[in-house]
Amino acid sequence: MSSLHKSRIADFQDVLKEPTIVLEKLRELSFSGIPCEGGLRCLCWKILLNYLPLERASWTSILAKQRELYSQFLREMIIQPGIAKANMGVSREDVTFEDHPLNPNPDSRWNTYFKDNEVLLQIDKDVRRLCPDISFFQRATEYPCLLILDPQNEFETLRKRVEQTTLKSQTVARNRSGVTNMSSPHKNSAPSSLNEYEGMNEIVGPLYYTFATDPNSEWKEHAEADTFFCFTNLMAEIRDNFIKSLDDSQCGITYKMEKQEQNIKPQFFAFRWLTLLLSQEFLLPDVIRIWDSLFADDNRFDFLLLVCCAMLILIREQLLEGDFTVNMRLLQDYPITDVCQILQKAKELQDSK
């Protein structure tokens, strides 16, 4: 470890040990990259994403409250209607004459349950295709959720709900290796509103990876809950990019893409860049490095636009020389892998404004 890197770690530790974190100092340090040693990145992201307050004294109570709230969410959301578990404080009515699986009433709990299954199928598909080449995402977690996996609990796990559910739009099957495969019998059918939310797994993935690799075993144990709330906070800021109905408004994705209009329609490449925070354009360590700067910036999504512009500027000569096919290949498989070069160019653009 170089002396410069040791010095940066010491600078972060000095800022983070203060009774009240000075946010501007933390942002300034984080913008140039956060060291992963000692769980510094995990802690900084939680502060920068407004999960942890600036007052250190309240961290323990806030984390305990939020993690218990997450357990409460699990209790409320994953139990199939008709299953009761009195000793967990959860009560569900069994099938009744008024409410049963064939009840067409839109307010029926069973109707809600079946609609939820459609969402679960999309989630299951997204989770399985997340970073398939990284072993971390293919192996079991060190800290599985005992609330769900405990055989004494009469829960129907989300995995079982997906495997047992057959919808018009999806067919679920298991192969000899026990892998669940999803296929769509109507490939040419129009996408439903559910598809507007596809890709959010690409936002969850780097967050969960960062928190689940925290050297602090206590914080690592609660990576799932912490990821949920940080993801929720982040999505509250970028949700407009995922809401099609706002596409033409000033906060919609089309408006943002038009701010960097080129001869090639930005929809062909910028939609993915912006909505997924560049998570599909670079390797995971590089995505995490970009997010250090993105989360640290006070106007993080304006800075995201500058990063995208920097990406275009750095391949400007290639774009000018190429035809449509060549340029589309460049933009959909971005050639520059040095993200520090991209971030430096984006900072120059920011400083020149």
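Bear in mind the structure is a predicted one, so any value in this text is a computation, not a measurement. (Residues numbered from 1 in each chain as written. Predicted model: local features only at pLDDT ≥ 70, side-chain atom pairs only at ≥ 80, totals over all residues. Heavy atoms only, no water.)

Peer 1: Help me understand the overall build of the protein in this model?
Peer 2: When helices and strands are tallied, the protein shows 17 helices and two strands. When burial is assessed residue by residue, the protein has 42% of its 353 residues classed as buried. Within the protein, contacts between residues at least 6 apart in sequence are counted, and of these 62% link residues at least 24 apart. (Helix = DSSP H or I, 4+ residues; strand = E, 2+ residues; numbered from the N terminus. Buried < 20%, exposed > 50% of the residue type's maximum accessible area, 1.4 Å probe, protein only. Contact = heavy atoms within 4.5 Å.)

Peer 1: Looking at this structure, how should I read helix 3 (residues 40-48)?
Peer 2: Because an α-helix completes one turn every 3.6 residues, residues spaced three or four positions apart along the sequence face the same direction. Among the nine residues that make up helix 3, nine are buried, leaving the element largely enclosed by the rest of the structure. Within helix 3 the residues assigned to the buried category are Leu40, Arg41, Cys42, Leu43, Cys44, Trp45, Lys46, Ile47 and Leu48. Asn50, located one to two residues past helix 3, shows a positive phi value of around 65°.

Peer 1: Where do I start with the pattern of salt bridges in this structure?
Peer 2: One pass over the full model with this rule turns up 14 salt bridges. As a salt-bridge pair, Arg41 and Asp292 come within 2.8 Å of each other at their nearest N and O atoms. Highlighted residues: Arg41 in helix 3 and Asp292 in helix 13 (residues 284-296), separated in sequence by 251 residues. Judged by its relative accessible area of 14%, Arg41 is buried. Residue classification places Asp292 among the buried positions, given a relative accessible area of 0%. Several salt bridges converge on common partners, so that one network encompasses Glu24, Arg27 and Asp298. (Salt bridge = Lys/Arg side-chain N within 4 Å of Asp/Glu carboxyl O.)

Peer 1: Explain the packing of aromatic side chains to me, please; I cannot follow it from the model alone.
Peer 2: To describe a pair of aromatic rings, one takes the distance between the centres and the angle between the planes. In total, this model carries 15 aromatic pairs according to the counting rule given. The interplanar angle of 70° and the centroid separation of 6.1 Å between the aromatic rings of Phe282 and Tyr334 together place this pair among those described as edge-to-face. Residue Phe282 is found in the loop between helix 12 (270-275) and helix 13, and its partner Tyr334 is found in the loop between helix 16 (324-332) and helix 17 (339-351); the two are separated by 52 residues along the sequence. Residue Phe282 shares its accessibility class with Tyr334, and that shared class is buried. Lying across the ring of Phe211, Lys46 places its NZ or CZ 4.8 Å from the centre. (Phe/Tyr/Trp six-rings, centres within 6.5 Å; stacked < 30°, edge-to-face > 60°. Lys NZ or Arg CZ within 6 Å of the ring centre and 35° of its normal.)

Peer 1: Where do I start with unusual backbone geometry in this structure?
Peer 2: Phi is mostly negative for residues that are not glycine, and the peptide bonds are mostly trans. For Cys131, which is not a glycine, the phi torsion comes out positive at approximately 45°. The residue Cys131 is located in the loop between helix 5 (109-128) and helix 6 (146-149) in this model. Take Cys131: its relative accessible area is 18%, and that puts it in the buried class.

Peer 1: Any chance you could explain a nonpolar patch on the surface here in plain terms?
Peer 2: Side chains of Val119, Ile123 and Val127 sit close together on the surface and give an oily, nonpolar patch of about 240 Å² of accessible area. Within the secondary structure, Ile123 sits in helix 5. Given the relative accessible area of 44%, Ile123 is considered partly exposed. (Patch = residues over 30% accessible without salt bridge, like charges linked within 9 Å, V, L, I, M, F, W, Y side chains within 5 Å. Areas by Shrake-Rupley, 256 points an atom, 1.4 Å probe, with all protein chains shown as cover.)

Peer 1: Sorry if this is basic, but what is going on with the packing of helix 8 (residues 201-212) against helix 10 (residues 223-238) here?
Peer 2: Pairs of packed helices are described in terms of their axes, by the angle between the two and the distance that separates them. In contact at an axis separation of 9 Å, helix 8 and helix 10 are set at 140° when each is read in the N-to-C sense. Relative to helix 10, the element helix 8 is oriented oblique. Taken as a pair, helix 8 and helix 10 cross one another with a handedness that is right-handed. Each of Ile203, Val204, Leu207, Tyr208, Phe211 and Ala212 in helix 8 lies in contact with helix 10, whose residues at this interface are Ala223, Glu224, Asp226, Thr227, Cys230, Phe231 and Leu234. (Axes fitted to C-alpha atoms, helices over the stretch in contact; angles between N-to-C directions. Parallel < 35°, antiparallel > 145°, perpendicular 65-115°, else oblique. Left-handed = near helix turned anticlockwise from the far one by under 90°.)

Peer 1: Sorry, what's going on with the environment of Trp219 here?
Peer 2: Tracing the sequence through the fold places Trp219 in helix 9 (residues 217-221). In the structure, Trp219 is positioned 156 residues away from Leu63 in sequence and 9.4 Å away in space, judged by C-alpha atoms. Residues in contact with Trp219, not counting those within four places in the same chain, are Leu43, Lys46, Leu52, Leu63, Arg67, Asp214 and Asp226.

Peer 1: Which parts of the structure should I look at to understand helix 16?
Peer 2: All of the buried residues along helix 16 are Asn327, Met328, Leu330 and Leu331. Buried residues in helix 16, looked at end-on, bunch into an arc of 160°, giving them a common side. Buried residues along helix 16 sit against helix 12, helix 14 (300-314) and helix 15 (316-321). Looking at where helix 16 begins, the residue whose side-chain oxygen comes 3.3 Å from the main-chain nitrogen of Thr325 is Asp323. (Arc of directions from axis to C-beta. Polar contact = N/O pair within 3.5 Å; in protein donor to acceptor, adjacent residues only side chain to side chain.)

Worth remembering: the numbers are spatial, not functional.
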